[in-house]
Amino acid sequence: MPSYTAPIKDIQFVLHDLLKVSEQDIAGYDELDRDFTSAVLEEAGKIASEVLAPLNAVGDTEGCTYENGVIRTPTGFKAAFDQMKEGGWTALDCDPEYGGQGLPYVFNTAVMEPFVSANMAFNMYQGLTHGAYSAIHAHASDELKAKFLPKMVTCDWTGTMNLTEPHCGTDLGLMRTKAEPQDDGSYKITGQKIFISAGDHDLSENVIHLVLAKIVGGPEGIKGVSLFIVPKIMVNDDGSLGDRNAVSVGKIEEKMGIHGNATCVMNYDGATGYLVGEAHKGMRAMFTMMNEARLGVGLQGYAQSEAAYQNAVAYAKDRLQGRAVTGAENPNGPADPLIVHPDIRRNLMDQKSFTEGARALTYWGANLIDRAHRSGDAAADGLVSLLTPVIKGFQTDKGFEMAVQAQQVYGGHGYIEEWGMSQFARDARIAMIYEGANGIQALDLVGRKLAQDGGKHVMAFFEMVKAECKAHTDERMQPFVEGLKNASKQMQAAGMYFMQNGMKNPNNALSGSYDFMHLMGHVCLGLMWTRMAAASYAALDNGASDTAFYEGKIATGKYYMARQLPACAMHLARIETGAETVMDLSAEQF
């Protein structure tokens, strides 16, 4: 069975050496000193390795069951969920007014990582609740917030997001779920939603569904979509639970992975719902939840890669196969361990350099969200809006790829279920699809985010990269500075191609959007590795005791700059071929 140990030293490095969180001028960040974050992360790590990780394979093999109208989660999930609730882990960054602890979002992100690595399917129950909490907190009336949020903060009640219908996914303007106004101000919700993660289960007393629907008589298309709170069980004015609402599970979906999470078809048959925010402005409210969810899914991408990598490293050090080409390194044994072979090293370094870079990018994104929300920084809000499709799309693509590479280290054993490596790959695969399939993330990035606010956010990103390169005159930093500078120029060249060719033929831009998302993803990780290298050199120059750790960071960063960043040139070359070869065939020729 695979094992997992929270990489606390790496997490602390990003929080304190890279981001220097306790020194930032954001409300609440002064509480995030090393001793405090270390104590909390140590406890989170224990739960992840001792409670959640052993349940990961259980959830995969047992899955969820649906019988006589009741969904049962896998053995051990309920006790583990109760332990998470009792420890306050579900409320770290929630509003104290509703029972939360009020800690910054960046720290909640750091604490959640070990839980996701240890058991992605399990953590989705609380992760989706947090997203629903955020949407309600940002857009609902004070009355609705008071009624629903306290129990959602504690996860006594969990939350969901209901968007997709059998005939429409990305194109939500096609949805048919309708909302009929009632005399008491509520609505009757009727329709069917599919792919609803954590749609029903036995972990909480109630499930609070956030449902997109069209108010009868409203505008057509996406402009007519509104957002509603639809509880599984009605909530009385005193907060107690009342009668069952007219919402039911049609079935549990049979999935490739994340078997421990109940993904449901949900039927609404005149269910009572409450409008969140303004009528016909549902997408604005839902995007509060979706943007947070997209950063969380980006975290899922590298978190599964981290767990798979840890096991691949252990296997590579233990498994004896062949001899090193430069001479036996285990002369007293029948063969050398796999890790002596260059191709295994390449494989592991791909994983390590991606995962550590993606962690830094994700935490930086969470830091920008804090700066936007806690300090009202519009520039930070614009920058994280630009970065969100990259964090979600690039990191989940690469996270799946790295999980597969970890599986490859095992050879034939990686293909055998009892070794557990296939679960990491199967679980990681969904992250490329849900919360907006990665092709949609790329279209959002190129079609909307690059031009947002007159393009000032992407220009600010380029200026940030330029300033980073200029800031490092130390000769030791040249491999990072030169690599980042070249990659940034290639990203700018791609943007220029879109400007010059996309207007006369939009397909020229959209055909290159996926490559651009990956190109920008590499530039972002190149930026992170440049900053991490500088932080590591500074630590060594200041007499850090753990020299091997910081030297390892620098070596890993050099690998990324030398072996991964050159992919930017490939992506640019593809982009500059335009739409002709992509669109040349007629539909009938496929």
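Model, not experiment: these values are computed from the prediction.

Colleague: With reference to specific residues and values, describe the pairing of strand 11 (residues 263-276).
Modeller: Of all 14 residues in strand 11, eleven are buried; the element is thus mostly enclosed. Sheet analysis places strand 5 (residues 187-197) next to strand 11, joined by nine bridges and oriented antiparallel. Within strand 11, the position partnered with G191 by the bridge is Y268. Relative to strand 11, strand 7 (residues 225-231) runs antiparallel, the two being bridged by three bridges. Note that in strand 11 the partner of L227 across the bridge is V276.

Colleague: Which residues make up helix 12 (residues 456-471), and what values do they have?
Modeller: With 16 residues, helix 12 extends 22 Å from end C-alpha to end C-alpha; this agrees with the ideal 22 Å at 1.5 Å per step. Taken as a whole, helix 12 has its buried residues at H457, V458, F461, F462, V465, E468 and C469. Projected down its long axis, helix 12 shows its buried positions confined to an angular sector of 150°, all on one face. Within helix 12, the exposed residues directed more than 90 degrees away from the buried face are K456, K470 and A471.

Colleague: Explain the layout of surface pockets to me, and be specific about the residues and the numbers.
Modeller: In this structure, the second largest pocket encloses a volume near 670 Å³. Together, 28 residues line the second largest pocket, and V458, M459, F462, Q492 and G495 are the ones closest to its centre. Those elements that provide at least two residues to the lining of the second largest pocket are helix 11 (438-449), helix 12 and helix 13 (478-501). Ranked by the residues each element gives to the lining of the second largest pocket, the list is headed by helix 13, at ten residues. Of the residues that constitute the lining of the second largest pocket, the class distribution is 16 nonpolar, seven polar and five charged.

Colleague: Could you give an account of the pairing of strand 4 (residues 178-181), with specific residues and numbers?
Modeller: Of the strand pairs in this sheet, strand 4 and strand 5 are connected by four bridges, and their pairing is antiparallel. For E180, the partnering residue across the bridge sits in strand 5 and is K188. Hairpin remark: strand 4 followed by strand 5, antiparallel, with five residues in the connecting loop; positive phi at G185, about 95°. Where strand 4 meets strand 6 (residues 206-215), two bridges bridge the pair, whose relative direction is parallel.

Colleague: With reference to specific residues and values, describe empty space enclosed by the protein.
Modeller: A complete count under the given rule lists two cavities of 30 Å³ or more for this structure. Looking at the largest cavity, its volume works out to about 100 Å³. In terms of lining, the largest cavity is formed by 14 residues, of which the most central are P2, A53, N56, A118 and F424. Looking at the lining of the largest cavity, the elements with two or more residues in it are helix 2 (34-62), helix 4 (105-118), helix 7 (282-318) and helix 10 (421-429). A per-element tally of the lining of the largest cavity places helix 2 first, with three residues. Broken down by class, the residue content of the lining of the largest cavity amounts to eight nonpolar, six polar and no charged.

Colleague: Before we move on, could you go through the packing of helix 2 against helix 10 and cite the residues and values that matter?
Modeller: The interhelical angle for the contact between helix 2 and helix 10, taken along N-to-C directions, is 70°, at an axis separation of 11 Å. Overall, the two elements helix 2 and helix 10 adopt an arrangement that is roughly perpendicular. Residues N56, A57 and D60 of helix 2 form the contact with helix 10, whose own contacting residues are Q423, F424, R426 and D427. Looking at the contact of helix 2 with helix 10 residue by residue, the class counts come to two nonpolar, two polar and three charged.

Colleague: Let's hear about unusual backbone geometry: which residues, and what values?
Modeller: Even without being a glycine, H280 presents a positive backbone phi close to 65°. As for its placement among the helices and strands, H280 is situated in the loop between strand 11 and helix 7. With relative accessibility at 27%, the residue H280 sits in the partly exposed group. A positive phi angle, close to 50°, is found at D453, a residue other than glycine. With respect to the helices and strands, D453 occurs in the loop between helix 11 and helix 12.

Each value, and the rule that gives it
Residues numbered from 1 in each chain as written. Predicted model: local features only at pLDDT ≥ 70, side-chain atom pairs only at ≥ 80, totals over all residues. Heavy atoms only, no water. Buried < 20%, exposed > 50% of the residue type's maximum accessible area, 1.4 Å probe, protein only. Helix = DSSP H or I, 4+ residues; strand = E, 2+ residues; numbered from the N terminus. Pairing = 2+ DSSP bridges. Expected span 1.5 Å × (residues − 1). Arc of directions from axis to C-beta. 1 Å grid on protein atoms, 1.4 Å probe; cavity = no way out; pocket = protein on both sides within 12 Å on 5 of 7 lines; lining within 4 Å. Points joined across faces, edges and corners; volume = space filled by probe spheres on them. Nonpolar A, V, L, I, M, F, W, Y, C, P; charged D, E, K, R; others polar. Axes fitted to C-alpha atoms, helices over the stretch in contact; angles between N-to-C directions. Parallel < 35°, antiparallel > 145°, perpendicular 65-115°, else oblique. Contact = heavy atoms within 4.5 Å.

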